[in-house]
Amino acid sequence: MNISSVCVIGLGYIGLPTAAVLASRKVRVYGVDINSRAVDSINQGKIHIVEPDLDILVHSVVNEGYLKASTTPQCADAFVIAVPTPFKNHFQPDLSYVEAAARSIAPFLAKGNLVVLESTSPVGTTEMISSLLAEMRPDLTFPHTEGVSADISIAYCPERVLPGHILRELVHNARVIGGVSPSCTERATELYKLFVDGECIATNSRTAEMCKLTENSFRDVNIAFANELSMICDKLDVNVWELIKLANRHPRVNILQPGPGVGGHCIAVDPWFIVAKTPEESRLIKTAREVNDFKPQFVIKKINELQKKFESEKGKAPSIAFLGLAFKANIDDLRESPALHIVEYFDGKLPDAVAVEPNIQEPPKSLKHIKLVGMEQGLNSDIIVLLVDHTEFKQLSKETLRTKFVLDTRGAWV
Ligand code: SAJ
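Each value, and the rule that gives it
- Residues numbered from 1 in each chain as written.
- Predicted model: local features only at pLDDT ≥ 70, side-chain atom pairs only at ≥ 80, totals over all residues.
- Heavy atoms only, no water.
- Phe/Tyr/Trp six-rings, centres within 6.5 Å; stacked < 30°, edge-to-face > 60°.
- Helix = DSSP H or I, 4+ residues; strand = E, 2+ residues; numbered from the N terminus.
- Buried < 20%, exposed > 50% of the residue type's maximum accessible area, 1.4 Å probe, protein only.
- Lys NZ or Arg CZ within 6 Å of the ring centre and 35° of its normal.
- Core = buried A, V, L, I, M, F, W, Y, C linked by side-chain atoms within 4.5 Å.
- Contact = heavy atoms within 4.5 Å.
- Patch = residues over 30% accessible without salt bridge, like charges linked within 9 Å, V, L, I, M, F, W, Y side chains within 5 Å.
- Areas by Shrake-Rupley, 256 points an atom, 1.4 Å probe, with all protein chains shown as cover.
- Salt bridge = Lys/Arg side-chain N within 4 Å of Asp/Glu carboxyl O.
- Arc of directions from axis to C-beta.
- Near = heavy atom within 4 Å.
- Polar contact = N/O pair within 3.5 Å; in protein donor to acceptor, adjacent residues only side chain to side chain.
- Nonpolar A, V, L, I, M, F, W, Y, C, P; charged D, E, K, R; others polar.
- Domains from an automatic or database assignment.

**So, the packing of aromatic side chains**
- One pass over the full model with this rule turns up six aromatic pairs.
- On the basis of an interplanar angle of 5 degrees and a centroid distance of 3.8 Å, the ring pair of Phe91 and Trp272 is categorised as stacked. Of this pair, Phe91 sits in the loop between β4 (78-81) and α4 (96-105) while Trp272 sits in helix α11 (residues 270-277), and the two are 181 residues apart along the sequence.
- Judged by centre distance (5.7 Å) and plane angle (55 degrees), the ring pair of Tyr192 and Phe195 falls under tilted. The residues Tyr192 and Phe195 share a single accessibility class, namely buried.
- In this arrangement the basic side chain of Lys349 is found over the ring face of Tyr345, its NZ or CZ atom lying 4.0 Å from the centre.

**A word on the nonpolar core**
- In terms of nonpolar packing, the biggest core is built from 44 residues, with Val6, Leu16, Val29, Ile42, Leu67, Leu191 and Tyr192 touching the most fellow members.
- Residues contacting Ile42, with those up to four places away along its chain left out, are Leu11, Leu16, His48, Val58, Val62, Leu67 and Ala69.
- In this structure, Ala106, Val115, Leu140 and Ile152 belong to the second largest nonpolar core, which totals 26 residues.

**Regarding a nonpolar patch on the surface**
- A surface patch of nonpolar side chains, amounting to about 330 Å² of accessible area, comprises Ile232, Leu236, Val238 and Leu243.
- You can see Leu236 is positioned in helix α9 (residues 205-236).
- Exposure remark for Leu236: the relative accessible area of 59% places this residue in the exposed category.

**Comments concerning α4**
- Residues of α4 that are buried include every one of Val98, Ala101, Ala102 and Ile105, and no others. Down the axis, α4 shows its buried residues gathered within 100 degrees of arc, on one side only.
- Its buried side turned inward, α4 meets β1 (5-9), β4, β5 (114-117) and α5 (125-136).

**Regarding the site of the ligand**
- The environment of the ligand is made up of 20 residues, and the closest members are Glu159, Lys212, Arg219, Gln257 and Arg410.
- One of the backbone nitrogen or oxygen atoms of Phe327 is found 2.7 Å away from an oxygen atom of the ligand.
- Protein contact buries 89% of the 770 Å² of open area that the ligand shows by itself.
- Per-element accounting of the shell around the ligand gives the leading share, five residues, to α9.
- Tallied by class, the residues present in the shell around the ligand amount to nine nonpolar, three polar and eight charged.
- Here the shell around the ligand spans two domains, and each of domain 1 (5-198) and domain 2 (215-408) adds at least three residues to it.

Below, the structure is given as structure tokens:
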């Protein structure tokens with residue numbers, strides 16, 4: 001059976017671009033989100049997140065009638081679940097959104113349908129969804145018990161796109177597709193072939209789940225190495241940026257860049273999904289998380305030291321500007337942002353501090369005292385702390401910074 005309609009549950013950073021790209025291939029897409037304001041704005045052809053070119057695409061597919069958003073699901077050939085999987089107490093995965101999404105589609109399932117989970121999830125979640133749906137729909141058969149002969153196909157296909165490049169990567173990246181049974185994998189591959197140019201690689205659902213967690217843990221461990229080096233170098237009075245550049249001239253060395261910590265909803269979260277399931281075996285992955293989570297505290301200590309140095313040299317308290325609040329360069333996303341956590345720490349502690357974040361209009365609610373100001377005003381401050389290497393900041397001339405006390409946590413001005 002051809003896939004001509006798809007219901008996408010969750011219209012965030014992954015769900016909305018996926019829905020829009022599918023709709024651009026003339027598939028009827030029903031986008032579902034619990035946020036009625038997001039639903040309303042999508043139905044007006046607008047978007048509620050910042051991602052290059054997504055606004056143009058959404059506007060055109062909504063106008064052509066291929067994408068409609070709603071707060072409730074409806075019948076379709078395939079269902080894609082792209083809801084958040086945060087963690088709750090003690091870094092345990094919180095699967096409540098995934099479970100709620102599965103429950104919400106259960107009444108709309110019909111024989112021949114495909115359900116794909118894209119949300120980053122601990123190993124075994126796709127099989128769990130199969131059991132949950134089976135409980136709710138005893139009139140249908142599911143692949144965790146019926147294998148290839150089941151009425152419903154269920155698969156896991158992780159998203160692997162990089163925020164800021166989502167539309168390009170959605171189409172060109174390879175996709176790992178893991179069915180609960182081999183026929184589920186085949187059926188899910190049909191769906192992704194509708195819009196993916198990259199290779200669609202078949203596996204089972206557990207391996208696909210672990211693959212996503214592995215990719216992000218690999219990056220986290222490598223960033224932790226860079227962050228640890230930066231703290232070692234600080235103590236040994238070695239310029240870590242120069243050091244990394246030199247070491248990377250070795251043909252088999254490729255060290256990543258230190259920063260003020262690791263943020264975003266992926267790299268800072270996903271490794272815990274491995275640790276939660278296999279704590280005894282995941283010692284390196286856990287330590288990497290701890291090293292990266294410690295880095296903001298190290299930066300806070302450096303800011304305090306710089307402030308004291310200014311006071312002793314100039315005999316007055318400094319004004320401070322924090323450049324950047326987002327979790328990485330050239331995006332507006334503040335989720336798990338180490339930059340924001342650092343600024344929050346100083347909120348109310350520093351009488352004369354401001355923040356500059358060119359990618360957002362409204363200051364985050366968590367900041368009660370530190371005001372969001374434009375670049376020009378920020379650069380009047382005595383101390384400049386660069387927390388995110390946004391292009392606007394990298395382009396600042398050495399002359400502009402010459403008289404300032406500078407802390408560059410990203411190596412943007414070396
Ligand atoms: N970071 C550093 N140093 C580096 C690289 C990154 O400090 O050398 C920091 C960033 O500033 C940021 C954090 O790490 O705070 C994460 O940024 P990122 O660019 O590494 O990754 P994300 O979270 O934007 O996207 C990642 C990607 N995964 C991998 O590269 C393995 C992306 O492909 C995934 O789709 C995404 O997670 C996801 O959704 O899981």
